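Overview (structure and organization)
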Amino acid sequence: MNRFEYVRPRSVAEAVAAAAIPGSAYLAAGTNLLDLMKIGVARPERLIDLNHLPDLDIIEQLPDGTVRIGAQVRNADLAHDPDFRQRFPVVAEALLSGASAQLRNMATVGGNLLQRTRCAWFQDTASACNRRAPGSGCDARGGENRMHAVLGWSEHCIATHPSDFCVPLVALDAVVEIEGPAGRREIPLADFHLLPGDTPERESVLAPGDLVVALRLPAEAAGFAAHARYAKLRERTSYAFAVVSAAAALRIADGRITEARLALGGVAAKPWRARAAEAALAGATPDAAAFRRAAEAALAEARPSGDNGFKIELARRIAIRALTLAAAGTPDRLPALPASAFASSSTPRPRGLHV
Amino acid sequence: MSEIQHMRHGSSIGQPVTRRDGVLKVTGQARYAADNHPSGMLHAVLAVSRIARGRVAFLDIQSARAHPGVVEVMVTANRPALALHPDDKSVPFSFSMDLLQDDRVRYAGQPIAVVIAETLEAATEAAALLAPRYEAEPVEVTLDAAGAFVPESVGVGAPAEMWHGDVEAGLAAAAQRIEATYETPLQFHNAMEPHCVVAAWDGDALSLDLPTQGLALTQMRLAALLGIRMEDLHIRSPFLGGGFGSKLLTGPQVLGILAARLVGWPVKLVLTRAQMYGPVSHRSPTRQTLRLGAAQDGALVAIHHHVRTATSRFDEFLEPSAGVSQAVYAAPAIAITNEAVRLDTGTPGFMRAPGLASGSIALESAIDELADSCGMDPLDFRLKNYAEVEPVSGKPFSSKALRECYAEGAAHFGWAGRPLAPRRMRDADGLLVGWGVGTATFPAHMFQAEARAVLRRDGSGLMESGTHDMGQGAWTAFAQIAADSLGLGLDRLEFRAGHSDLPNAGIAGGSAHTASAGGAIHAAGGQAIARLAELALADPRSPLFGAGNVGVVARGGRLLRRDDENRGESYADILARAGLDMVEGRGSAAADAAATERYAMHAHGAVFAEVKVDPELGQIRATRLVGAFAAGRVINPRLVRSQYYGGMIWGLSFALHERAAMDPRTGRIMNTDLAEYHVPVNADVPSVEAILVEEQDPHVNALGIKGVGEIGITGTAGAIANAVWHATGVRIRHFPIAIEQTSRAA
């Protein structure tokens, strides 16, 4: 880890001013940044610590019903906030399906948006990676890339965005509030992350010094609460990134879908809003055929970036699963294994342990 | 000795005593090696190679040295001299080391320099500033590499080729045959505690805090390497944060010791998690082909187990996967063959049931495939082919309660009524359900071990043996054996372990530590009691005078007449009257050559697994594991059960999770952390049960103990693979089983 300067600003304005100096990085929980610093992928010259800023850790409901979530709210606090999880259960389910309890206690809302890809070649400084070192090439191509992108990738980068949290957020039209040297602005989350194209090193719309201060979920997003689920396929029952995941949110009236939201995770460099699928579902009866059609539409543009053709069909199936679960109705309580294939499976009572 | 054994009425052995070190560990007070910070201690950090083959052409030593806080950079040119070449292997269980002997790179992750600094952070950054330049050469790192050869031996001196009976004739005549190839992955040790050392020199004397599974071997090898006297080398190793076969002396630890010699201050060196994927051994990948044949009635007529595995270019350890096939199932013809390739990797080594874990998953899968071909229940098929004697050697077993393991395990699991055909069971949520079984087996080894016992005038006892607590609870189990051997309660016993100044307790390996060191402790205590009894029996003032013919019993700090336990006296009184401060006993243990010649000695078990598989997504969960094991005498059922749980979870890990992702273009491992190198988490093991099946073994050793440390991984991995087949109808022969394989079954 390189030597760095540590700055503890007392206000957002101070933070933004401090971070405008080149070589600066914001430190939220550090659950991702510090790991990357230890392996030499991130080498900031100064860290701007956000942990002591006032008012960034508040969840508030605005008069119009919008919920505004401060960027420093911890994942666990948001997921367990009774009002929030009642209005946005799919977001809580996604949050609780990610990482571990210890990490969720630390990790922040703002940091989650900005977590870096888990691509092994991005993390290995001896490998070529256009995202980490522009122009150096992409060793993920031709390597073992079964977990890599099947949508929106380019020949320069096939990495995925690893967040669970962002998947339902993008489905529910979340908006990101940004404070920067040029003042405050708002960006829909759907436009916040960038696809790699020719500039994979540009991962989001943030400019130097820009600070994510809050996320907003519009009031109407709570209208999906009765039919909203997150489904996540992973290689162990907990503490694993998604192979593929999907957030589905439906409004159903008189046996018909009046409005549908669908987003996919683990398939692209950004949380993937599947608008064509949503259009296909509007007005349909919520049944297997409709969900299959929607899933086909969602993955219509997908193509393997390597040994990952299997992910395309799995992405369809996870979309169908999330839609099926959403149509069945959000349960009163989140399952003990959120978003898991084994969520509702009865867990045998262990007889051998803890005796 | 037989007289003393006969007299002992144990009270601690067999009790589910909790770990003596439990409170220390859960309150953070247990002092592990790297917790020691001698005055003036500096921090050493390794710089490791990012190429797998070639040479280091340049290191920016100037920049590293100039970094604030850096004391020294150790490279080939200034590395203190060694008395032996790092490739010397004159001490048993030694492997070639990379100790900066030259500029060659033999594998990715090889140490190429050591930075010593005042802080860990300064050393870490300076190591990065070395920015090595390499002359890289093309690498070969997969089993498909050219140059396959037939090795002379595999494992530790096991024959690479063995033919018993006429396998080809058996296969030709078989009513049912299968031939299948199974692939197991490259796996790495991931003990919670990485390899480390804290080294402090005082002239030519050296004190070390170093976690090791073999204090005496480590002391021997290190003294020889460094050219110092054994008695000048003191190693403390009271606790290990896991060993699993990886923690004999390793090269990086020697580099820490050399760094301390170079700078003249104590030095601590701790490997990072990523640095654990290179110089500290691993399990090599295997490709195993099994050819099995059975008669019409399901009786096996032939087994051929062929293994292709790999070692490094510069040293040899070959995963002996086929060995399991000569010990488990009865067949008139059994053959084992091996081939190997040399790769640009670190040298493989002992890892969690070497050979048996990887061999068992292949054999148990193949047996299941043949049972299916024969239309037989997999448990019935195993019982049909039950080995009454060790199949190849023809020796009787010293004891074998495997039949009881099958029966108790099956009954507890609820195996009866299992549909023969796959893909017939679903749970209430529509998940596919499958049940599988596997046979567990592990040989009962014995190593040399010694112990010293003391009975003190205050009535307390002391037992000394340089044993190793890797987390398995050895400290507790040995204290139980010691207390019984001295006829004392645990509260009156001091047990000293984990230091090289103590009697040589052999190694904590091969699942033989309890049997070996426990045997020595048992003998030492017996000798101390015998000496005490001699004093009493010969003393006319003792109530035990003349009791020699009926014998005495040692219990609760007293010697008692066997025929009348109201007559006796305390150890303290005996010693006081004799005017002695203490009596001492020494004991040793080793394999009994005569018994080994006569009997086959193995622990056995049967593992039953239930898995659920999502029919569309292919995600797997092992929802129930039931293992029934027979391993001779159980010293502490709580700790033994815990060993079985751990082993079974490793078995699950083998079948479903663990795999190092090697980039074949570079030889680098691409998932060198516990986020990406998957092992099971709690949610992956909702129910694990271990049944301790009664087994008395009069031949295996004085205490009748077989090992429990590694057997759990065998049997379990295969049982899970077989359950996945039973759930899905798809036989997956490539491990760990991946989602793309099971989802294809949908």
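Residues numbered from 1 in each chain as written. Chains lettered and ligands numbered in written order. Predicted model: local features only at pLDDT ≥ 70, side-chain atom pairs only at ≥ 80, totals over all residues. Heavy atoms only, no water.

Along its length, chain A carries 12 helices and 12 strands. Relative to a compact globule of 355 residues, whose C-alpha radius of gyration would be 20 Å, chain A shows 20 Å and is just as compact. Judged by the C-alpha coordinates and their principal axes, chain A covers about 60 × 55 × 50 Å. When burial is assessed residue by residue, chain A has 60% of its 355 residues classed as buried. As displayed, chain A has an accessible area near 13,900 Å², and 51% of this comes from carbon and sulfur atoms. A gap of 5 Å separates the mean positions of the 41 positive and 38 negative side-chain charges of chain A. (Helix = DSSP H or I, 4+ residues; strand = E, 2+ residues; numbered from the N terminus. Rg over C-alpha atoms; globule rule 2.2 N^0.38 Å. Buried < 20%, exposed > 50% of the residue type's maximum accessible area, 1.4 Å probe, protein only. Areas by Shrake-Rupley, 256 points an atom, 1.4 Å probe, with all protein chains shown as cover. Lys, Arg positive; Asp, Glu negative; His and termini not counted. Charge placed at Lys NZ, Arg CZ, Asp CG, Glu CD.)

Below, the discussion takes up the pairing of strand 9 (residues 228–233) of chain A. All names here are of chain A. Within strand 9, 6 of the 6 residues are buried, leaving the element largely enclosed by the surrounding structure. Burial along strand 9 is two-sided: the residues Ala228, Tyr230 and Lys232 and Arg229, Ala231 and Leu233 are all buried. In terms of strand pairing, strand 9 meets strand 10 (residues 244–253) through 6 bridges, oriented antiparallel. Note on strand 10: the bridge partner recorded for Lys232 is Ser245. (Pairing = 2+ DSSP bridges.)

All right, on to the domain arrangement of chain B then. Residues and elements named next belong to chain B. In terms of domains, chain B is made up of domain 1 (2–12 + 448–590), domain 2 (33–138 + 195–270) and domain 3 (356–445 + 597–743). For domain 1 versus domain 2, the distance between C-alpha centres works out to 41 Å. Contacts between the two partners involve 15 residues from domain 1 and, on the opposite side, 21 residues from domain 2. If you look at where domain 1 meets domain 2, you find 0 salt bridges. Taken together, the links from domain 1 to domain 2 amount to 7 residue pairs in polar contact (both at pLDDT 80 or more). Each residue belonging to the side of domain 1 that touches domain 2 can be placed in one class, and the counts come to 4 nonpolar, 9 polar and 2 charged. (Domains from an automatic or database assignment. Contact = heavy atoms within 4.5 Å. Salt bridge = Lys/Arg side-chain N within 4 Å of Asp/Glu carboxyl O. Polar contact = N/O pair within 3.5 Å; in protein donor to acceptor, adjacent residues only side chain to side chain. Nonpolar A, V, L, I, M, F, W, Y, C, P; charged D, E, K, R; others polar.)

This part is about the domain arrangement of chain A. By a widely used convention, the size of an interface equals the accessible area lost when the partners come together. Residues and elements named next belong to chain A. Along its sequence, chain A is organised into domain 1 (54–220) and domain 2 (225–328). Computed from C-alpha coordinates alone, the two centres of domain 1 and domain 2 are separated by 19 Å. Facing 45 residues of domain 1, the contacting portion of domain 2 comprises 45 residues. Roughly 3,700 Å² of surface becomes buried between domain 1 and domain 2 when both sides are summed, with 57% attributable to carbon and sulfur atoms. Per-residue buried area on domain 1 facing domain 2 is highest for Arg146, Val150 and Leu151; these three make up 21% of the total on that side. Connecting domain 1 to domain 2 are 5 salt bridges. Close ionic contact of Arg261 with Asp173 constitutes a salt bridge, the shortest N to O distance being 3.4 Å. Looking at the side of domain 1 that touches domain 2, the elements that each hand over two or more residues are helix 4 (82–87), helix 5 (89–96) and helix 9 (166–171). Of the residues forming the side of domain 1 that touches domain 2, the biggest block, 5 residues, is contributed by helix 9. (Buried area = accessible area lost by both parts, 1.4 Å probe.)

The geometry of an aromatic ring pair is captured by two quantities: the separation of the ring centres and the angle between the planes. All names here are of chain B. Applying the stated rule across the entire model yields 19 aromatic pairs over all chains. Seen in terms of ring centroids, Tyr386 and Tyr406 are 6.4 Å apart; in terms of plane orientation they differ by 65°. Their pairing is edge-to-face. Placement of Tyr386 in the loop between helix 9 (378–384) and helix 10 (402–413) and of Tyr406 in helix 10 is noted, with a sequence separation of 20 residues between them. With relative accessibility at 9%, the residue Tyr386 sits in the buried group. Under the relative-accessibility criterion, Tyr406 is labelled buried at 2%. Centroid distance Phe629 to Tyr644: 4.2 Å. Interplanar angle 20°. Geometry classified as stacked. Here the residue Phe629 occupies a position in strand 30 (residues 620–630), and Tyr644 occupies one in helix 15 (residues 637–656), the gap between them amounting to 15 residues. With respect to burial, Phe629 and Tyr644 carry one shared label: buried. The structure contains a cluster of three or more aromatic residues connected by ring pairs, namely Phe93, Phe95, Phe317, Phe350 and Phe447. Over the ring of Phe244 we find Arg352; its NZ or CZ atom is 5.9 Å from the centre of that ring. Over the ring of Phe413 we find Arg624; its NZ or CZ atom is 4.1 Å from the centre of that ring. (Phe/Tyr/Trp six-rings, centres within 6.5 Å; stacked < 30°, edge-to-face > 60°. Lys NZ or Arg CZ within 6 Å of the ring centre and 35° of its normal.)

On inspection of all chains with the given rule, the structure shows 81 salt bridges over all chains. As a salt-bridge pair, Arg321(A) and Asp614(B) come within 2.6 Å of each other at their nearest N and O atoms. One end of the pair, Arg321(A), is in helix 12 (residues 309–328); the other, Asp614(B), is in the loop between strand 29 (602–613) and strand 30, on a second chain. Salt-bridge contacts for Asp209(B) lead to Arg236(B); the nearest nitrogen and oxygen are separated by 2.8 Å. Of this pair, Asp209(B) sits in strand 13 (residues 205–209) while Arg236(B) is found in strand 14 (residues 233–236), placing the two residues 27 residues apart along the sequence.

The subject of this paragraph is the interface of chain B and chain A. Between chain B and chain A, the residue contacts involve 46 residues of the former and 46 residues of the latter. Linking chain B to chain A there are 8 salt bridges. Its salt-bridge partner being Asp124(A), residue Arg668(B) comes within 2.8 Å of it at the nearest N-O pair. When contributions to the side of chain B that touches chain A are tallied by element, the ones reaching two or more residues are helix 4 (120–129), strand 30, helix 15, strand 33 (688–692) and helix 17 (739–743) of chain B. The element best represented in the side of chain B that touches chain A is strand 30 of chain B, accounting for 4 residues. A breakdown of the residues in the side of chain B that touches chain A according to their chemical character gives 17 nonpolar, 9 polar and 20 charged.

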